[in-house]
Amino acid sequence: MSESENIAEIRRSVQALCADFPGAYWREKDSARAYPGEFVDALTKAGFLAALIPEAYGGSGLTLSDAAIIMEEIQASGCNGASAHAQMYIMNTLLKYGSEEQKQEYLPRIATGELRLQAFGVSEPTSGTDTLSLRTVAVRDGDEYVINGQKLWTSRAEYSDLMLLLARTTPREDVTSKTEGLSVFLIDMREVVGNGMTIKPIRTMMNHSTTEIFFDDMRIPASALVGEEGKGFRYILSGMNAERILIAAECIGDAKWFIKKASDYASERNVFGRAIGQNQGVQFPIARCYAQMCAAELMVHHAAQVFDAGGNPGAEANMAKLLASEASWAAADMCVQTHGGFGFAEEYDVERKFREARLYTVAPISTNLILSYLAEHVLGLPRSY
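The text that follows walks through the structure, step by step, so that each part is easy to find. (Residues numbered from 1 in each chain as written. Predicted model: local features only at pLDDT ≥ 70, side-chain atom pairs only at ≥ 80, totals over all residues. Heavy atoms only, no water.)

1. Some thoughts on the overall build of the protein chain
What the protein chain contains, in helices and strands, is eleven helices and ten strands. For the protein chain, the C-alpha radius of gyration of 21 Å lies close to 21 Å, the compact-globule estimate for 385 residues. Taken along the three principal axes of its C-alpha coordinates, the protein chain extends 80 × 50 × 40 Å. Looking at the 385 residues of the protein chain, the share that counts as buried comes to 54%. For the protein chain, the exposed area adds up to about 16,800 Å²; of that, 51% sits on carbon and sulfur atoms. The distance from the centre of the 36 positive side-chain charges to the centre of the 49 negative ones in the protein chain is 5 Å. (Helix = DSSP H or I, 4+ residues; strand = E, 2+ residues; numbered from the N terminus. Rg over C-alpha atoms; globule rule 2.2 N^0.38 Å. Buried < 20%, exposed > 50% of the residue type's maximum accessible area, 1.4 Å probe, protein only. Areas by Shrake-Rupley, 256 points an atom, 1.4 Å probe, with all protein chains shown as cover. Lys, Arg positive; Asp, Glu negative; His and termini not counted. Charge placed at Lys NZ, Arg CZ, Asp CG, Glu CD.)

2. Description of a nonpolar patch on the surface
A cluster of nonpolar side chains, contributed by Val378, Leu379 and Leu381, occupies part of the molecular surface with about 300 Å² of accessible area. Mapped onto the elements, leucine 379 comes out in the segment after α11 (367-378). Looking at leucine 379, the relative accessible area reads 61%, which means it is exposed. (Patch = residues over 30% accessible without salt bridge, like charges linked within 9 Å, V, L, I, M, F, W, Y side chains within 5 Å. Salt bridge = Lys/Arg side-chain N within 4 Å of Asp/Glu carboxyl O.)

3. Describing the pattern of salt bridges
In this structure the tally under the stated criterion is 25 salt bridges. With a closest N to O distance of 2.5 Å, glutamate 180 and arginine 234 form a salt bridge. Taken together, the positions of glutamate 180 in the loop between β4 (162-168) and β5 (182-188) and arginine 234 in helix α7 (residues 232-268) put the pair 54 residues apart, joining distant regions of the chain. Given the relative accessible area of 15%, glutamate 180 is considered buried.

4. A word on the pairing of strand β2 (residues 137-141)
Sheet faces and side chains relate simply in a regular strand, where the side chains alternate between the two faces. Pairing of β2 with strand β3 (residues 144-152), which is carried by five bridges, proceeds in the antiparallel orientation. What sits directly across from valine 139, in β3, is valine 146. The loop that links β2 with its antiparallel partner β3 comprises two residues; one of these, glycine 142, has a positive phi angle of about 65°. (Pairing = 2+ DSSP bridges.)

5. Here's the deal with the packing of aromatic side chains
For the coordinates displayed, the defined rule picks out 13 aromatic pairs. Measuring from ring centre to ring centre gives 5.2 Å for phenylalanine 21 and phenylalanine 39, while their planes differ by 75°; the resulting arrangement is edge-to-face. With phenylalanine 21 in the loop between α1 (5-18) and α2 (23-32) and phenylalanine 39 in helix α3 (residues 37-45), this pair connects stretches of sequence that are 18 residues apart. The burial state of phenylalanine 21 is the same as that of phenylalanine 39; both residues are buried. With 5.0 Å between their ring centres and 75° between their planes, tryptophan 26 and phenylalanine 39 make a pair best called edge-to-face. With tryptophan 26 in helix α2 and phenylalanine 39 in helix α3, this residue pair connects regions lying 13 residues apart in the sequence. The exposure class of phenylalanine 39 is buried, given its relative accessible area of 0%. Linked through ring pairs, Phe21, Tyr25, Trp26 and Phe39 together constitute an aromatic cluster. The lysine or arginine in question, lysine 353, covers the ring of tryptophan 257, its NZ or CZ lying 5.5 Å from the ring centre. In this structure, arginine 383 packs its charged tip against the face of tyrosine 385, placed 4.4 Å from the ring centre. (Phe/Tyr/Trp six-rings, centres within 6.5 Å; stacked < 30°, edge-to-face > 60°. Lys NZ or Arg CZ within 6 Å of the ring centre and 35° of its normal.)

6. Details of unusual backbone geometry
Here the bond from alanine 363 into proline 364 is cis, since omega is 0°, no more than 30 degrees from zero. Within the fold, proline 364 resides in the loop between α10 (350-358) and α11. Positioned with a positive phi, arginine 33 is a non-glycine residue whose angle comes to about 55°. Here arginine 33 lies in the loop between α2 and α3. Residue class for arginine 33 comes out partly exposed when judged on its relative accessible area of 26%. One non-glycine residue with positive phi stands out, namely phenylalanine 272, at about 60°. Looking at the element boundaries, phenylalanine 272 is found in the loop between β9 (270-271) and β10 (274-275).

7. Digging into the nonpolar core
In terms of nonpolar packing, the biggest core is built from 95 residues, with Phe39, Ile70 and Ile74 touching the most fellow members. Top contributing element to this core by residue count: α7, with 19 residues. Ignoring anything within four residues of it in the chain, the contact list for phenylalanine 39 reads Leu17, Cys18, Phe21, Tyr25, Trp26, Ile74, Cys79, Asn80 and Ser83. (Core = buried A, V, L, I, M, F, W, Y, C linked by side-chain atoms within 4.5 Å. Contact = heavy atoms within 4.5 Å.)

8. A short note on the side chain of glutamine 118
Along the chain, glutamine 118 falls in strand β1 (residues 117-121). On the basis of relative accessible area, glutamine 118 is assigned to the buried category, the value being 0%. One polar contact links the side chain of glutamine 118 to the main-chain carbonyl oxygen of alanine 84, over a distance of 3.3 Å. A polar contact of 3.3 Å, which involves the side chain of glutamine 118, links it to the side chain of arginine 156. Ignoring sequence-local partners within four residues, the contact set of glutamine 118 consists of Tyr35, Leu49, Ser83, Ala84, His85, Ala86, Gln87, Ile90, Ser155, Arg156, Ser160 and Leu162. (Polar contact = N/O pair within 3.5 Å; in protein donor to acceptor, adjacent residues only side chain to side chain.)

Okay, structure coming up:
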């Protein structure tokens, strides 16, 4: 695809930044299960994490298509954008539905890095992706809300100053529509950690800094409410589309990294007197992954364009995430196979990226749920759940 000079410059800038964070940096963080704070600070200083914040609030004022290129290049450079990507897609809810006071209060400081908005509290142990069945409740008490409940898979909560939280403010049995009664809150975590909020890390197969969070009579000011009470579910839907598009872009970047890594190795590795890449049994899987990646890339760009044009890219965002995550995972498996035993050696970075890539066929929404969505909302088939 031909690209504008603006996009080409974004790619060059991200590549230059990521060059300062080579594989050794990520291996060290992975081994220690440490948060890559230096990398996140560098992204912030360069303005990349403020890409979607309007210039009036100190941001870059870029489009989602631009932001997708940023995330793609981070992954294609061998880095891990999951350490910071939430700030981009969480931002959408605040930008669209936050009050002017909230925007003035938080956006400029998020843009400079004084505050980090990385935590998104939605999933729960008993409901998972069934968001409408969540049990965390927020009860109005004068000028405050009192929150009780639990969230799961709230990544980066330990390294965030702010959290966007979805909680039930009206019992499900008291609403006329199942999508009503949920509200969004922008919480200053610095004030409530240890004072109604408890964060517990969850160790996973990749270094993802994810946690479970407990709310016990946690009090927050009523001014933390984003938009209108009870309308929170519809507020986060647009943000979820942005999330899926950006993560799909990350998957494209991962696929490009795996394909280049495998191609380079297959060209250099000699067995039986010739490069293994000369064998069709080695080169065909690489070529197939490239074709699969290119097809998924087109859908990612299309979904971002629909989003930027003000459309509702529900189907496009879901298909982009489905196709890109599967392309990434296929490329990851191919890359390990191409490297043989060296694919399992830490120094090649393949096994680390392999573990990281596996996440995205499951999160933030699983492949099966995407297929269910397409079957019902696009193809008109009966609802399956």
